[in-house]
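Close look at the chain arrangement
Chain by chain, the residues:
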Amino acid sequence: MAHVDLLIRNVSWQGRDCDLLVGDGKVVELVDAGAVQASGARVVDGGGLMLLPSLIDAHVHLREPGQEYKEDIASGLSAAAGGGFGQVMAMANTSPVNDNASVTRLMLQKAALAFPKGPWVRPVGALTVGLAGKELAPAGELARAGCVALSNDGVPVENTELFRRAMEYAADFGLKVIDHCEDPWLGRGGVMNEGEISGRLGLKGVPSVSEAMQVARDILLASYLNLPIHLAHISCRESVELIARAKERGVPVTAETCPHYLLWDETRVGNYDTSVRVNPPLRTRDDVLALRQAVRTGVIDILVTDHAPHAAHEKEVTFADAPNGISGLDTALSLTYELVRSGELDFADVARLWCWRTADIFGLPANRMQPGDPADFVLFDPDLAWVASAEALLSKGKNTPCLDKEVPGRVMAHYLGGEEVFSR
Amino acid sequence: MNWRHKDLLEISQLSPSEIGHVFETAARFAEVNQRPIKKVPILKGKSVVLFFAEASTRTKTSFDMAGKRLSADTFSLAKSGSSLQKGESLKDTALTLQAMNPDAIVIRHWDSGAARFLAERLECSIINAGDGWHAHPTQALLDGFTLSRVWDSFEGKTVCILGDVAHSRVARSDVELLTMLGARVRVCAPRTLLPAAVSTWPVEVFSDVGRACAGVDAVICLRLQLERQQAGLLPDLREYAGTYGLAPRHLEKANPGVKIMHPGPMNRGLEIASELADCGSSLILDQVAAGVAVRMTLLHLYLTRSRVSA
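Residues numbered from 1 in each chain as written. Chains lettered and ligands numbered in written order. Predicted model: local features only at pLDDT ≥ 70, side-chain atom pairs only at ≥ 80, totals over all residues.

This part covers the overall build of chain B. Of the regular secondary structure elements, chain B holds 12 helices and 9 strands. For 310 residues, the compact-globule estimate of 2.2 N^0.38 gives 19 Å, and chain B sits close to it at 19 Å. C-alpha extents for chain B along the principal axes are approximately 55 × 45 × 35 Å. Counting over 310 residues, chain B shows a buried share of 48%. Summarising the internal contacts of chain B: among those between residues at least 6 apart in sequence, 75% fall at separations of at least 24. (Helix = DSSP H or I, 4+ residues; strand = E, 2+ residues; numbered from the N terminus. Rg over C-alpha atoms; globule rule 2.2 N^0.38 Å. Buried ≥ 20, exposed ≤ 12 C-beta atoms within 10 Å, placed from the backbone. Contact = placed C-beta atoms within 7 Å.)

Structure follows, in C-alpha cells:
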C-alpha cells in the first residue's frame, strides 16, 4: 500500500461506513471502516459524518477587483471553504473586466495570498473586451494566464455573428464558452417572471421564452459548428426541453442550474421581497418540477450557485431598483440537502452535480474517491441544522432568502490536498 | 368601527364591511364639504406628509384639501428639489421623514411596492396614493363611493374598465374593490395593454369596445400614457382613438343610465370622446368631489385608529 499520512476514520460514504486513507495529498484508498490500521498516520475521527468530495462551483461572482464592498476574493473564498467548495469559477464582470492576463493574474494572486492551500479560484475570462459584445477578448492570453472558460455572463452577446466567432476562437484554446441565455429585447427591463404574479404586483415581467430563444440559438450554433457550449443558470421548462432534444441528437451542449431554481418559484417574490430578485427570475412551479427532473436525469448536467453577493443597502430598495442576485456559497449545500431530504436527489447526485460532472465539463481536478485522486473532501453533518444569520454567513453578501432562517446540514470540515482548510 | 389597520396599501387589505364604513363616513364628510364653513377640528394637531415622488396634481391637492378640512397640518415633499433627486435612497428619505414624527405619510411613487416598502419600515400610517402599476386604493375607494351614491347596490351591476389595464394601478385597485362589492367587472384593451395572465383575474376580457360595453352599468376609461406608443405597444394614437377610444356608438347597447368615469387627467378625444366626458351620465367631476370626502375619511380613520382601538 502507498504511503498513508492521514487516516479519516468512521465516515459515511454513500451509505457505507468507511475510513479514508490519504497520502501525499492524494486519496490512497477508501476502505470499510476499521479494515486497515495505518501506523504513523495522523488519525482524525470522522464521527460518522458524511463524506463528500470537495465541491466545484462553476459560476460565482467574487466582485474583486472593483466591488470589494460587496465581496472580495478572500471573503468569497472563505464562504467557499465553509460551504464545501474547493474550486470556484469566478465570472469576469469585475471592474476592470477580466478580459486580459493582468486581471486574471491579480485574481489568482489574491486567492493564493488569502488561501494558499485553497479553495482555488478558477477564473472565467470575458468572451468580449469589456463584456461589451463588440470585439473578441484575447482568449489565448486568458488561457495562458489561468482562465478555465470564457463567458459574457450578465451581458449576453447580442451579435450572433460575433458570438459564433467567439465560440470558434475559444475552441482552439480548449476553453468552453458559457452563455447566459437571455434575449436582448424580449422582456427587456423585466424584473421577475412574466405571469400571474408579475401582473398582480404590477412589475414588468420577463417571459421564460426569452431564455429559451437564446438556448435554441446556442444549440443550433453548437450543432452547426460541432463546438461545445455550456448554458448558464437554466430556469425554465422550455429550455430543459430544448436541451434534452439537443442531447438526444448528440449536440455538445451542457447546462447548469442553481439550487434556488430547484427550490423556489415566483410566488416567493411575495410582497416585493428583493432577496429573491435574480436573473433569470424564479419561474413557476411547473418550471421547478421540470428542472428537478432534468438534474436527476442529467439533462441539466451540474449545479452552480451563481453566487452574487450584494451589500445590504443595495437590496433594501424597491423591487425595481434592487440588483439581481442571491448570495449562494454559504448555503448551497444545505439547500441541496433539502432536496436530498425530500427525496428529489440522493448523495450520488450531489457528488455528480456539484463536483464530478463539473470537473468533466471544464477539465478540472476532482476527487472521485479513487486512488490517486486529490484528497479534496468535505465532512458534512446532515443532522445539524443551523440558522443562516448574517454572522453565520462567511460571505460579505447576506442577500439570501435564507437569511435568519434555519437550513439543514452543515459542513464540519473541509480538506484540500489532504490538508484541513476549514473546520467548525 | 374599530379601525384595525395601520396602513392603506391595497384594497385587498379591507373587508367589504370596512369599505361600507368608508362609504358611510365619506357621505357625512361630503355633506361637510357642502357647508359654507368646511373646516372641522377633528385632526387638529396631527401632521400629514404628502410625499409625491411622482408628479401629481389632483391626488395631491385632494389629500392636501382633505387634511386641511380636518385641521391637520399637511407638508408637501415633491421629487423635484427633494433629496430623492439628489440620490438619497427611499429608505433614507423615509427614515428622515419618520424622524420628524408625522402621523401619516401619503406616498405616490413610480415603483410598485414603494408604499409597502415604507410601511414595513415606519411606525406612522402609510397611505398609498399610487405605487407604480400596482395599486391606487384611494382612487378605487372614491370610484366605489361615487357609484354608491348613484346605485343602491353593486350586486347585479356590470362595470367595464377600458384602456391600458397593464400599466394601470387604478385598474388593479378598481377590479379588487368592485368584485369585492359584488359587481361584475370587464376589462377591454388591445392585448398589448392587458396584464400578463389576465385570464387569472376575476374579470371578463374583451377586445371590442362595443361588445365590452353591451349591458354595462358603468364604464371607467383609463388614461393612455403617451409613452406606450413609443414602447411599441400601439401603432399610433389615431389608431388607438379610432379603435379603443370610448365613443357614443359604443354605448348603444349599454344599460340605460350607464355612467361614464375617468380617474383623470383625461386625454380628450383619445381614450374618451369629449362629448361623453361632459354628458349627463358622466360622473367625472363627481369623482373629484368624492375624492376629497373619501380622503378625509381615510385620514380620519387612519389617524385616529389608536384612539378608536384604545
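From this point, things continue past the structure.
The subject of this paragraph is the overall build of chain A. Looking only at helices and strands, one finds 12 helices and 18 strands in chain A. In terms of overall size, chain A behaves like a compact globule, its C-alpha atoms giving a radius of gyration of 21 Å where 424 residues would be expected to give roughly 22 Å. Each principal axis of the C-alpha distribution contributes one length, and for chain A these read about 65 × 45 × 45 Å. For chain A, the residues scored as buried account for 58% of the 424 residues in total.

Looking now at the interface of chain A and chain B. Opposite the 17 residues of chain A that make contact, chain B presents 19 residues. With 4 residues, the top contributor of residues to the side of chain A that touches chain B is helix H5 (residues 196-201) of chain A. Classifying every residue of the side of chain A that touches chain B by side-chain character gives 6 nonpolar, 7 polar and 4 charged. (Nonpolar A, V, L, I, M, F, W, Y, C, P; charged D, E, K, R; others polar.)

A separate point is unusual backbone geometry. With the exception of glycine, most residues fall at negative phi, and the peptide bonds are largely trans. With an omega of 5 degrees, the peptide bond running from serine 95 of chain A to proline 96 of chain A counts as cis. Relative to the helices and strands, proline 96 of chain A is located in the loop between strand E7 (85-90) and helix H2 (101-114). Note that the residue after glycine 264 of chain B, namely proline 265 of chain B, is joined by a cis bond; omega there is -10 degrees. Along the chain, proline 265 of chain B falls in the loop between strand E9 (259-261) and helix H10 (274-278). Of note, the phi angle at leucine 131 of chain A is positive, near 60 degrees, even though the residue is not glycine. Even without a glycine there, the phi angle at asparagine 226 of chain A is positive, about 50 degrees. For asparagine 226 of chain A, the location among the structural elements is in the loop between helix H6 (208-225) and strand E13 (229-231).

The subject of this paragraph is the sheet that holds strand E1 (residues 47-52) of chain B. Residue and element names in this part refer to chain B. The strand order across the open sheet built from 4 strands is E2-E1-E3-E4, with neighbouring strands paired in parallel fashion. Every interior strand has two partners, whereas the edge strands, strand E2 (73-78) and strand E4 (125-131), have only one. Across the sheet, the mean angle from the axis of one strand to that of its neighbour is 15 degrees, orientation sign disregarded. Relative to E4, strand E3 (residues 104-109) runs parallel, the two sharing 5 bridges. Within E4, the residue paired with alanine 104 across the bridge is serine 125. (Pairing = 2+ DSSP bridges. Axes fitted to C-alpha atoms, helices over the stretch in contact; angles between N-to-C directions.)

Let's shift gears to helix H1 (residues 16-32) of chain B. Residues and elements named next belong to chain B. Compared with an ideal rise of 1.5 Å per residue, which puts 17 residues at 24 Å, H1 spans 25 Å between its outermost C-alpha atoms and is within 8% of the ideal. Listed as buried for H1 are Val22, Phe23, Ala26 and Phe29. Projected down its long axis, H1 shows its buried positions confined to an angular sector of 125 degrees, all on one face. Opposite the buried face of H1, by more than 90 degrees, sit the exposed residues Ser17 and Glu31. For H1, the elements touching its buried residues are helix H5 (137-150) and helix H11 (284-303). (Expected span 1.5 Å × (residues − 1). Arc of directions from axis to C-beta.)

Before going further, it helps to examine the nonpolar core. Residue and element names in this part refer to chain A. Residues Val124 and Leu150 are the most contacted members of the largest nonpolar core, which totals 137 residues. Among the elements that line this core, the one with the most residues is helix H12 (residues 347-362), at 7 residues. Those residues within four positions of leucine 150 in sequence are excluded, and the remaining contacts are Val124, Gly125, Ala126, Leu127, Ala139, Leu142, Ala170, Leu175 and Val177. (Core = buried A, V, L, I, M, F, W, Y, C linked by C-beta atoms within 7 Å.)

For the rest of this paragraph, the subject is the sheet that holds E13 of chain A. Residue and element names in this part refer to chain A. Strand order across the open sheet formed by 8 strands is E6-E7-E8-E9-E10-E13-E14-E15, with parallel pairing between neighbours. With partners counted over all chains shown, the strands left at the sheet margins are strand E6 (55-60) and strand E15 (302-303), one partner each. Sheet analysis places strand E9 (residues 149-151) next to strand E10 (residues 176-179), joined by 3 bridges and oriented parallel. Note that in E10 the partner of serine 151 across the bridge is isoleucine 178. In this fold H6 packs onto E10, E13 and strand E14 (253-257), with an angle of close to 165 degrees to the strand it touches most, E13.

All right, on to the packing of H5 of chain B against H11 of chain B then. Residues and elements named next belong to chain B. For the pair H5 and H11, the least separation of the axes is 8 Å and the interaxial angle reads 115 degrees. The handedness of the crossing between H5 and H11 is right-handed. Each of Thr138, Leu141, Leu142, Asp143, Phe145 and Thr146 in H5 lies in contact with H11, whose residues at this interface are Asp286, Gln287, Ala290, Gly291, Val294, Arg295 and Leu298. Grouping the constituent residues of the contact of H5 with H11 by class yields 6 nonpolar, 4 polar and 3 charged. (Left-handed = near helix turned anticlockwise from the far one by under 90°.)

So, about the pairing of E10 of chain A. Residues and elements named next belong to chain A. Taking every second residue as pointing to the same face, both faces of E10 are buried, with Lys176 and Ile178 on one and Val177 and Asp179 on the other. Bridge count for E10 against E13 is 2 bridges, and the pairing is parallel. Within E13, the position partnered with isoleucine 178 by the bridge is histidine 230.

Next up on the list: the environment of leucine 6 of chain A. Secondary-structure assignment places leucine 6 of chain A in strand E1 (residues 6-13). Those residues in contact with leucine 6 of chain A that sit more than four places away from it in its chain are Val22, Ala41, Arg42, Val44 and Gly418 of chain A.

This part is about H12 of chain A. Residue and element names in this part refer to chain A. For H12, built from 16 residues, the straight-helix expectation of 22 Å at 1.5 Å per residue is met to within 8% by its first-to-last C-alpha distance of 22 Å. Of all the bends in H12, the greatest measures close to 45 degrees and is centred on leucine 353. The set of residues buried in H12 consists of Val350, Ala351, Arg352, Leu353, Trp354, Cys355, Arg357, Thr358, Ile361 and Phe362. The positive-phi residue at the C-terminal boundary of H12 is glycine 363, with phi of around 65 degrees. (Bend = angle between axes of the 7 residues up to and from the residue.)

Time to look at the environment of phenylalanine 23 of chain B. Residues and elements named next belong to chain B. Examined against the element boundaries, phenylalanine 23 turns out to sit in helix H1. Among the residues examined, phenylalanine 23 registers 21 C-beta atoms within 10 Å and is labelled buried. Those residues within four positions of phenylalanine 23 in sequence are excluded, and the remaining contacts are Gly144, Phe145 and Ser148.

Let us look at the confidence of the model for chain B. Looking at chain B, the pLDDT average stands at 94 and 96% of residues meet or exceed 70. Scored by ipTM, the complex comes to 0.94, with pTM at 0.95. (pLDDT = per-residue confidence, 0-100.)

On to the environment of isoleucine 302 of chain A. Residues and elements named next belong to chain A. Within the secondary structure, isoleucine 302 is located in strand E15. Under the C-beta neighbour-count criterion, isoleucine 302 is labelled buried, with 26 such atoms within 10 Å. In the structure, isoleucine 302 is positioned 59 residues away from isoleucine 361 in sequence and 9.2 Å away in space, judged by C-alpha atoms. Residues in contact with isoleucine 302, not counting those within four places in the same chain, are Ala58, Glu256, Leu353, Arg357, Thr358 and Ile361.

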